[in-house]
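# Survey of secondary and tertiary structure
Take a look at the letters that make up each chain.
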Amino acid sequence: MQTTSIHGMWSSRLAFILAATGSAVGLGNIWRFPYVTSDNGGGAFVLIYLGCILLVGLPIMWTEIVIGRRGRMSPINSLRELSDDAGASRKWMGIGFLGVIAGFLILSFYSVVAGWTLHYGFLYLKDLFGGATITDPDATFGSLLAQPGELAFWHGLFMVMTVSVVAFGVEKGLERAVSILMPLLFVLLLVLLGYGMNTGYFLEAAGFLFKPDWSQVSGAMIVTAMGQAFFTLSLGMCAIMTYGAYLPSGVNIPRVGVTVAATDTVVALVAGLAIFPIVISFGLDPAGGGPGLIFTSLPLAFAEMPFGILYGFLFFTLLSVAAWTSGISLMEPATAYIVEATNLSRKAAAICVAAVAWMMGLASVFSFNVWSEVRIGGLEVMDAIVYVANDVMLPVGGLLTAVFGGWVLSSRITHEELDKKMPDWAYNAWLWVTRIVTPALILVVLAGLFGII
Ligand code: TRP
């Protein structure tokens, strides 16, 4: 068994936890979780999402880390090794190819939204030095979306930030960046939570987030909840698998998996508890906020509160940082594969990936302006990309990963990687959940998605 990866290794258990948490915690928690919760009516959605984290997310997270650590290569080649080892078909490499394609799609729109946050951080920074305060948030957001050049610029800047970390590799690039940025992120988030608690609407916000109204449940809501669980934990496209390839051998996979999944969930809930009191205190409806939710509601609060400009700057900086450490993990699987498959250097490989993803991102940029009339299957261009990548490709990738991990991967490997590290009952629970429950749940949701049931 390979004990190290040619791409480098995390220097410690903590470094992996920071990197994987950095990947998981991002726009998915702070931008997407509040707005999809808002659009889906609150409590019931949150509980279904939490169920998906536990029954679908966590088992797949463990499986991805095991596959990565045993293969020690990019997902595509790790899957080839492990299929060979199990005497199974090399077609399982397809999970890796699917993941690379999904990664490009997600990175393309992710970087555009991350560009919005960079732009907002910059607006508040200018404001700190006497620029114009955002007084009409709808107009500010609308005018940003109307300018393709502006969007493409910030999207490009995000891509440059991301590629400059990935180009330096695991130890010097990824690890150094996350060990500074993640603790900073947690501090900033707690500051914002403190503010939310002081608005006087904290309990009302908590009620919206946690009191289920089961009449809101629908098939579409469950699809979104599962898609969100995959997206927020960075699962289904081999990103965590790639990070697992750099995990030192002795580290306890079940434990780090729980740490990462729990941290990600807590951050999403804290973000919700920080944001909804503000939304409610300004007399806005917590339901039906849409993708603009944080960009149009929070600036109202920042314009009124003492030191609001500073808060605004901190908040959007926080979000950009969170997006950055996630963007890194979206770029890493394809970069690692190109390094293995060609004789390009890591730098050149990362630049190629970034260039292609930037160009693909222009489709999302144009979807708000020049192509605003275009519909693909009834959806706006960016929504269509998000739908295909998040709601279809991630669950399909996750389904195949679970089947591979539960049924194909040699049980010698899963025993060594998981069973020795946890009580037998927990290992058996993982095995049967991964074999039956997780695939069944995903299949039901996918069947619903395609209108089969
Ligand atoms: N999880 C990140 C977020 O919540 C986004 C992300 C990073 C991601 N890597 C991923 C999503 C891999 C799916 C797959 O913002």
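The structure contained in this document is the topic of the report that follows. (Residues numbered from 1 in each chain as written. Predicted model: local features only at pLDDT ≥ 70, side-chain atom pairs only at ≥ 80, totals over all residues. Heavy atoms only, no water.)

Here we take up the site of the ligand. Around the ligand sit 17 residues in total, of which Ala 24, Gly 28, Tyr 110, Phe 231 and Ser 234 are the nearest. Separating a nitrogen atom of the ligand from a backbone N or O atom of Ser 23 is a distance of 3.2 Å. The side chain of Tyr 110 places a nitrogen or oxygen atom 2.5 Å from an oxygen atom of the ligand. Within the complex, 100% of the 360 Å² of free accessible area of the ligand lies under protein. Judged by the proximity of its atoms to the pocket grid, the ligand belongs to the largest cavity. At the level of secondary structure, the elements contributing two or more residues to the shell around the ligand comprise helix H1 (13-24), helix H2 (27-39), helix H5 (94-128), helix H10 (219-232) and helix H14 (308-341). Here the residues of the shell around the ligand are counted per class, giving nine nonpolar, eight polar and no charged. (Near = heavy atom within 4 Å. Polar contact = N/O pair within 3.5 Å; in protein donor to acceptor, adjacent residues only side chain to side chain. Areas by Shrake-Rupley, 256 points an atom, 1.4 Å probe, with all protein chains shown as cover. 1 Å grid on protein atoms, 1.4 Å probe; cavity = no way out; pocket = protein on both sides within 12 Å on 5 of 7 lines; lining within 4 Å. Sits in = over half its atoms within 2 Å of the grid points. Helix = DSSP H or I, 4+ residues; strand = E, 2+ residues; numbered from the N terminus. Nonpolar A, V, L, I, M, F, W, Y, C, P; charged D, E, K, R; others polar.)

What follows covers the state of the cysteines. For the structure shown, the criterion picks out zero disulfides. Cys 52 carries a free sulfur, and the closest cysteine sulfur to it, the one in Cys 238, is 20 Å from it. (Disulfide = S-S within 2.5 Å.)

Bringing the packing of H5 against helix H6 (residues 137-145) into the picture now. Look at H5 against H6: their axes get within 12 Å of each other, and the N-to-C directions meet at 125 degrees. Between H5 and H6, the crossing angle belongs to the class labelled oblique. Here the hand of the crossing between H5 and H6 comes out right-handed. Seen from H5, the contacting residues are Trp 116, His 119, Tyr 120 and Leu 123; seen from H6, they are Pro 137, Thr 140, Phe 141, Leu 144 and Leu 145. (Axes fitted to C-alpha atoms, helices over the stretch in contact; angles between N-to-C directions. Parallel < 35°, antiparallel > 145°, perpendicular 65-115°, else oblique. Left-handed = near helix turned anticlockwise from the far one by under 90°. Contact = heavy atoms within 4.5 Å.)

Moving on: the packing of helix H8 (residues 170-198) against H14. H14 packs onto H8 with a crossing angle of 145 degrees between their chain directions and a minimal axis gap of 9 Å. In this structure, H8 crosses over H14, and the sense of that crossing is left-handed. Note on element contacts: H14 touches H8 through Tyr 311, Leu 314, Phe 315, Leu 318, Val 321, Ala 322, Trp 324, Thr 325, Ile 328 and Glu 332, opposite Leu 174, Val 178, Leu 181, Met 182, Leu 185, Leu 188, Leu 189, Val 191, Leu 192 and Tyr 195. Residue composition of the contact of H8 with H14, by class: 18 nonpolar, one polar and one charged.

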